[in-house]
Amino acid sequence: MKNLFFTAWVLVFIVGCGGGSSSVKSTADKSSSSASSNSSSSNSLFSVASSLENSSARSSNSSLLPAALAQKIDAYLGANISTTQPAISVLVLKNGQLAYSGGRGMADIPNGISVASNTGFRLASVSKSFTAIAVMQLVEKGEIKLTDSLLDYIPELPQSWRKITIEHLLTHKSGIYDIINDWWPPTPLNGLTNATLIPYLTQRPALEFEPGTACDYSNTGYMLLVSVIERKTGMSFSNYMQQHLFGPAGMTSSYINDENQAIKPGDALNRGQLRTFF
(Lines give C-alpha, C1' and ligand atoms only; values in the text may rest on other atoms or scores of the structure.)
Protein backbone atom coordinates (compact mmCIF):
# COMPACT_ATOMS: atom_id res chain seq x y z
CA MET A 1 0.00 0.00 0.00
CA LYS A 2 1.44 3.17 -1.03
CA ASN A 3 0.39 5.81 1.33
CA LEU A 4 -0.31 4.63 4.79
CA PHE A 5 -0.62 6.71 7.76
CA PHE A 6 0.00 5.85 11.32
CA THR A 7 -2.30 6.49 14.07
CA ALA A 8 -0.20 6.89 17.05
CA TRP A 9 -1.85 8.04 20.18
CA VAL A 10 -0.26 11.23 21.27
CA LEU A 11 -2.16 9.41 22.23
CA VAL A 12 -0.12 6.42 20.98
CA PHE A 13 -0.77 2.96 19.45
CA ILE A 14 2.08 0.23 18.76
CA VAL A 15 3.47 -3.24 19.87
CA GLY A 16 1.61 -6.31 21.15
CA CYS A 17 2.05 -7.94 24.52
CA GLY A 18 5.57 -8.95 25.29
CA GLY A 19 6.94 -6.98 22.76
CA GLY A 20 4.36 0.47 20.42
CA SER A 21 0.58 2.69 20.71
CA SER A 22 1.76 4.86 19.08
CA SER A 23 0.02 5.76 15.98
CA VAL A 24 1.56 7.18 12.70
CA LYS A 25 0.87 7.30 8.91
CA SER A 26 3.80 5.75 7.19
CA THR A 27 5.36 3.39 4.75
CA ALA A 28 8.83 3.13 3.38
CA ASP A 29 8.06 5.46 0.57
CA LYS A 30 10.39 3.91 -1.93
CA SER A 31 9.80 0.31 -1.08
CA SER A 32 6.85 -0.41 1.18
CA SER A 33 4.55 1.13 3.76
CA SER A 34 3.30 1.61 7.66
CA ALA A 35 3.78 4.41 13.60
CA SER A 36 2.09 5.40 18.36
CA SER A 37 1.82 7.90 19.66
CA ASN A 38 -1.68 8.63 18.69
CA SER A 39 -3.30 11.78 17.57
CA SER A 40 -5.65 13.21 14.97
CA SER A 41 -6.36 16.78 14.13
CA SER A 42 -9.29 16.72 16.50
CA ASN A 43 -8.48 13.98 18.96
CA SER A 44 -4.77 14.35 19.28
CA LEU A 45 -4.37 10.90 18.01
CA PHE A 46 -1.69 10.88 15.49
CA SER A 47 -1.42 9.26 12.17
CA VAL A 48 1.53 8.76 9.98
CA ALA A 49 1.19 8.60 6.28
CA SER A 50 3.45 7.52 3.51
CA SER A 51 3.39 6.16 0.03
CA LEU A 52 5.32 4.36 -2.60
CA GLU A 53 6.10 7.04 -5.07
CA ASN A 54 6.15 6.80 -8.85
CA SER A 55 3.52 4.09 -9.13
CA SER A 56 0.23 4.28 -10.97
CA ALA A 57 -3.29 3.79 -9.62
CA ARG A 58 -3.43 0.37 -11.22
CA SER A 59 -0.32 -1.29 -12.57
CA SER A 60 1.40 -4.64 -12.61
CA ASN A 61 4.72 -6.05 -13.75
CA SER A 62 4.10 -9.31 -15.59
CA SER A 63 7.71 -10.36 -15.11
CA LEU A 64 7.17 -10.35 -11.34
CA LEU A 65 3.46 -11.14 -11.07
CA PRO A 66 1.61 -13.37 -13.59
CA ALA A 67 -1.06 -11.49 -15.51
CA ALA A 68 -3.65 -14.05 -14.42
CA LEU A 69 -2.92 -13.33 -10.74
CA ALA A 70 -3.14 -9.57 -11.29
CA GLN A 71 -6.49 -10.12 -12.96
CA LYS A 72 -7.68 -12.21 -10.01
CA ILE A 73 -6.78 -9.38 -7.62
CA ASP A 74 -8.64 -6.91 -9.81
CA ALA A 75 -11.65 -9.23 -9.97
CA TYR A 76 -11.66 -9.74 -6.21
CA LEU A 77 -11.56 -6.01 -5.54
CA GLY A 78 -14.31 -5.43 -8.10
CA ALA A 79 -16.54 -8.11 -6.57
CA ASN A 80 -16.09 -7.06 -2.94
CA ILE A 81 -15.50 -3.30 -2.88
CA SER A 82 -18.00 -0.86 -4.34
CA THR A 83 -16.63 2.26 -6.00
CA THR A 84 -18.72 4.23 -3.48
CA GLN A 85 -17.42 2.42 -0.37
CA PRO A 86 -14.42 3.39 1.80
CA ALA A 87 -11.25 2.75 -0.15
CA ILE A 88 -8.74 -0.06 -0.17
CA SER A 89 -5.27 0.01 -1.70
CA VAL A 90 -3.27 -3.10 -2.59
CA LEU A 91 0.46 -3.28 -3.23
CA VAL A 92 2.55 -6.32 -4.00
CA LEU A 93 6.34 -6.19 -3.80
CA LYS A 94 8.61 -8.99 -4.93
CA ASN A 95 12.32 -8.85 -4.18
CA GLY A 96 11.99 -5.15 -3.46
CA GLN A 97 10.34 -4.39 -6.81
CA LEU A 98 6.80 -3.25 -7.46
CA ALA A 99 4.85 -6.21 -8.85
CA TYR A 100 1.29 -4.95 -8.50
CA SER A 101 -0.47 -1.77 -7.48
CA GLY A 102 -4.20 -1.27 -7.40
CA GLY A 103 -7.07 0.18 -5.43
CA ARG A 104 -10.81 0.70 -5.34
CA GLY A 105 -13.33 2.82 -3.48
CA MET A 106 -13.50 6.30 -2.01
CA ALA A 107 -10.80 7.97 0.08
CA ASP A 108 -13.05 10.92 0.92
CA ILE A 109 -16.74 10.23 0.39
CA PRO A 110 -18.08 13.72 1.31
CA ASN A 111 -15.80 15.33 -1.28
CA GLY A 112 -16.09 12.57 -3.87
CA ILE A 113 -12.35 11.72 -3.89
CA SER A 114 -11.49 8.21 -5.08
CA VAL A 115 -8.46 6.23 -3.93
CA ALA A 116 -5.30 6.87 -5.94
CA SER A 117 -1.77 5.51 -5.98
CA ASN A 118 -0.61 8.21 -3.58
CA THR A 119 -3.53 8.06 -1.14
CA GLY A 120 -2.43 8.01 2.49
CA PHE A 121 -4.06 5.73 5.03
CA ARG A 122 -3.97 5.82 8.82
CA LEU A 123 -1.89 2.98 10.19
CA ALA A 124 -3.72 2.78 13.50
CA SER A 125 -1.91 0.62 16.03
CA VAL A 126 0.82 -0.32 13.57
CA SER A 127 2.04 3.16 14.39
CA LYS A 128 3.18 1.87 17.77
CA SER A 129 6.11 0.17 16.11
CA PHE A 130 7.40 3.56 15.06
CA THR A 131 7.01 4.97 18.53
CA ALA A 132 8.96 2.00 19.85
CA ILE A 133 11.74 2.64 17.33
CA ALA A 134 11.95 6.25 18.47
CA VAL A 135 12.28 5.13 22.10
CA MET A 136 14.95 2.57 21.21
CA GLN A 137 16.93 5.21 19.31
CA LEU A 138 17.17 7.15 22.57
CA VAL A 139 18.08 3.96 24.43
CA GLU A 140 20.91 3.27 21.97
CA LYS A 141 22.22 6.80 22.51
CA GLY A 142 22.20 6.28 26.26
CA GLU A 143 19.67 9.05 26.78
CA ILE A 144 17.00 6.72 28.14
CA LYS A 145 17.25 3.37 29.93
CA LEU A 146 14.61 0.67 29.66
CA THR A 147 14.80 0.34 33.44
CA ASP A 148 14.08 4.05 34.01
CA SER A 149 10.90 4.81 35.90
CA LEU A 150 8.10 6.53 33.99
CA LEU A 151 8.06 9.09 36.79
CA ASP A 152 11.65 10.10 35.97
CA TYR A 153 10.14 11.83 32.92
CA ILE A 154 6.56 12.58 33.97
CA PRO A 155 6.83 13.16 37.74
CA GLU A 156 3.32 14.56 38.10
CA LEU A 157 1.79 11.12 37.51
CA PRO A 158 0.68 9.14 40.61
CA GLN A 159 3.62 8.37 42.89
CA SER A 160 2.31 4.83 43.26
CA TRP A 161 3.37 4.33 39.63
CA ARG A 162 7.07 4.60 40.52
CA LYS A 163 7.67 0.93 39.66
CA ILE A 164 6.45 1.39 36.08
CA THR A 165 9.43 1.40 33.70
CA ILE A 166 9.94 2.36 30.07
CA GLU A 167 10.16 -1.33 29.24
CA HIS A 168 6.80 -1.98 30.91
CA LEU A 169 5.21 0.67 28.68
CA LEU A 170 6.79 -0.78 25.53
CA THR A 171 5.64 -4.31 26.33
CA HIS A 172 2.15 -3.54 27.69
CA LYS A 173 3.09 -4.71 31.16
CA SER A 174 2.64 -1.43 33.05
CA GLY A 175 -0.76 -2.22 34.53
CA ILE A 176 -2.10 1.17 33.39
CA TYR A 177 -5.67 0.84 32.16
CA ASP A 178 -6.29 1.31 28.45
CA ILE A 179 -7.62 4.83 27.93
CA ILE A 180 -9.71 3.74 24.95
CA ASN A 181 -11.22 0.44 26.01
CA ASP A 182 -11.37 0.86 29.77
CA TRP A 183 -11.94 4.54 30.55
CA TRP A 184 -12.55 7.18 27.96
CA PRO A 185 -15.82 6.98 25.98
CA PRO A 186 -15.64 7.62 22.23
CA THR A 187 -17.22 11.08 22.22
CA PRO A 188 -14.81 12.67 24.73
CA LEU A 189 -11.95 10.76 23.13
CA ASN A 190 -12.31 12.95 20.08
CA GLY A 191 -11.03 15.84 22.20
CA LEU A 192 -8.30 13.91 24.01
CA THR A 193 -4.70 15.09 23.75
CA ASN A 194 -1.54 14.30 25.69
CA ALA A 195 -1.95 17.64 27.40
CA THR A 196 -5.30 16.51 28.83
CA LEU A 197 -4.33 12.86 29.26
CA ILE A 198 -1.70 13.36 31.97
CA PRO A 199 -3.93 15.43 34.31
CA TYR A 200 -6.68 12.88 33.70
CA LEU A 201 -4.38 10.03 34.76
CA THR A 202 -3.18 11.82 37.88
CA GLN A 203 -6.72 11.51 39.22
CA ARG A 204 -6.89 7.76 38.50
CA PRO A 205 -3.95 6.07 40.25
CA ALA A 206 -5.47 2.57 40.37
CA LEU A 207 -3.65 -0.02 38.24
CA GLU A 208 -5.06 -3.14 36.63
CA PHE A 209 -2.17 -5.23 38.01
CA GLU A 210 1.26 -4.84 39.60
CA PRO A 211 3.74 -3.58 36.97
CA GLY A 212 5.59 -6.43 35.27
CA THR A 213 3.36 -9.22 36.60
CA ALA A 214 0.96 -9.49 33.63
CA CYS A 215 0.35 -8.22 30.12
CA ASP A 216 -2.68 -6.32 28.82
CA TYR A 217 -2.74 -4.16 25.71
CA SER A 218 -2.60 -0.50 26.66
CA ASN A 219 -2.84 2.40 24.25
CA THR A 220 -2.25 4.63 27.26
CA GLY A 221 1.30 3.33 27.63
CA TYR A 222 2.24 4.42 24.15
CA MET A 223 0.64 7.80 24.61
CA LEU A 224 2.85 8.27 27.63
CA LEU A 225 5.91 7.15 25.66
CA VAL A 226 5.28 10.01 23.27
CA SER A 227 5.37 12.42 26.19
CA VAL A 228 8.60 10.80 27.41
CA ILE A 229 10.18 11.36 23.99
CA GLU A 230 9.03 14.97 23.85
CA ARG A 231 10.23 15.80 27.34
CA LYS A 232 13.59 14.09 26.89
CA THR A 233 14.37 15.63 23.50
CA GLY A 234 12.65 18.99 23.86
CA MET A 235 11.05 18.37 20.46
CA SER A 236 7.49 17.76 19.40
CA PHE A 237 6.88 14.11 18.57
CA SER A 238 6.13 15.07 14.97
CA ASN A 239 9.41 16.95 14.56
CA TYR A 240 11.38 14.18 16.21
CA MET A 241 9.91 11.55 13.89
CA GLN A 242 10.57 13.66 10.80
CA GLN A 243 14.18 14.40 11.74
CA HIS A 244 15.21 11.08 13.20
CA LEU A 245 13.07 8.45 11.47
CA PHE A 246 11.06 9.46 8.44
CA GLY A 247 13.73 11.72 6.95
CA PRO A 248 16.68 9.32 7.34
CA ALA A 249 14.54 6.43 6.07
CA GLY A 250 13.49 8.34 2.94
CA MET A 251 9.83 8.25 4.02
CA THR A 252 9.10 11.61 2.45
CA SER A 253 5.32 11.17 2.38
CA SER A 254 4.98 10.05 6.00
CA TYR A 255 3.74 12.38 8.71
CA ILE A 256 2.11 12.58 12.10
CA ASN A 257 -1.53 13.59 11.91
CA ASP A 258 -2.26 15.34 15.20
CA GLU A 259 -3.89 18.50 16.53
CA ASN A 260 -1.21 20.53 14.73
CA GLN A 261 -1.28 18.66 11.41
CA ALA A 262 -4.59 17.99 9.71
CA ILE A 263 -5.05 15.06 7.37
CA LYS A 264 -3.54 16.11 4.06
CA PRO A 265 -5.85 16.66 1.08
CA GLY A 266 -6.53 13.42 -0.77
CA ASP A 267 -5.57 11.12 2.10
CA ALA A 268 -8.17 8.62 3.24
CA LEU A 269 -10.66 9.62 5.93
CA ASN A 270 -11.70 7.17 8.63
CA ARG A 271 -14.33 4.92 7.02
CA GLY A 272 -14.12 7.31 4.11
CA GLN A 273 -16.01 10.00 6.04
CA LEU A 274 -14.54 10.93 9.43
CA ARG A 275 -11.56 13.09 10.34
CA THR A 276 -11.86 11.82 13.89
CA PHE A 277 -10.93 8.31 14.98
CA PHE A 278 -14.32 7.17 16.21
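Source: prediction; values computed, not measured. The residue numbers shown here count from 1 along each chain, following its written sequence. Predicted model: local features are reported for residues with pLDDT of at least 70 only, side-chain atom pairs are reported and counted for 80 or more only, and whole-chain, interface and lining totals are derived from all residues. Only hydrogens and water are removed before side-chain values are computed, so all heavy atoms of the structure are retained for them.

> Help me get a handle on helix H2 (residues 128–140), residues and values and all.
End to end, H2 covers 18 Å across 13 residues, agreeing with the expected 18 Å (1.5 Å per residue, within 8%). Only protein chains enter the calculation, and the probe is 1.4 Å; a residue is then buried if its accessible area is under 20% of its type maximum, exposed if over 50%, and partly exposed in between. Helix numbers and strand numbers start at the N terminus; a helix is a DSSP run of H or I with at least 4 residues, a strand a run of E with at least 2. Those residues of H2 lying buried are Lys128, Phe130, Thr131, Ala132, Ala134, Val135, Gln137, Leu138 and Val139. Looking one or two residues past H2, glycine 142 carries a phi angle of roughly 80°, positive in sign. One less than the number of residues in a helix, times 1.5 Å, gives the span that helix is expected to have.

> Which residues make up the confidence of the model for the protein, and what values do they have?
Per-residue confidence from the predictor is reported as pLDDT, which spans 0 to 100. Of the residues in the protein, 74% have a pLDDT of 70 or more, and the chain-wide mean is 78. Strand E1 (residues 3–5) is the least confidently modelled element of the protein, averaging 40 in pLDDT, while helix H3 (residues 166–170) averages 98, the highest of any element. Contacts: residue pairs with any heavy atoms within 4.5 Å of one another. Low pLDDT, under 50, characterises residues 1–57; the predicted model gives this stretch 432 contacts beyond four residues in sequence or across chains.

> Hey, could you go over the nonpolar core for me, with residue numbers and the actual values?
Grouped burial of nonpolar side chains is what soluble globular proteins tend to show. We call a set of buried Ala, Val, Leu, Ile, Met, Phe, Trp, Tyr and Cys residues a nonpolar core when their side-chain atoms join them within 4.5 Å. Core analysis: the largest hydrophobic core is formed by 41 residues, its most contacted members being Leu150, Ile154, Leu157, Trp161, Ile166, Leu224 and Met241. Taken together, the elements giving at least two residues each to this core come down to H2, H3, helix H4 (179–183), helix H6 (194–202), helix H7 (219–233) and helix H8 (237–246). Here this core takes 7 residues from H7, the largest share from any one element. In this view, tryptophan 161 contacts Ser149, Leu150, Leu151, Ile176, Leu201, Arg204, Pro205 and Leu207; residues no more than four positions away in its chain are not counted.

> Run through the packing of aromatic side chains, naming residues and quoting values.
Side-chain rings of Phe, Tyr and Trp (the six-membered ring for Trp) are treated as a pair once their centres are within 6.5 Å; stacked means planes under 30 degrees apart, edge-to-face means over 60, and tilted covers the remaining angles. Taken as a whole and assessed by the stated rule, the structure comprises 1 aromatic pair. One residue, arginine 204, lies across the ring of tyrosine 200, its end atom 3.7 Å from the ring centre. Whether a charge sits over a ring depends on NZ of Lys or CZ of Arg being within 6 Å of the ring centre and within 35 degrees of the ring normal. The ring of tyrosine 255 is capped by lysine 264, whose NZ or CZ atom sits 4.4 Å from the centre of that ring.

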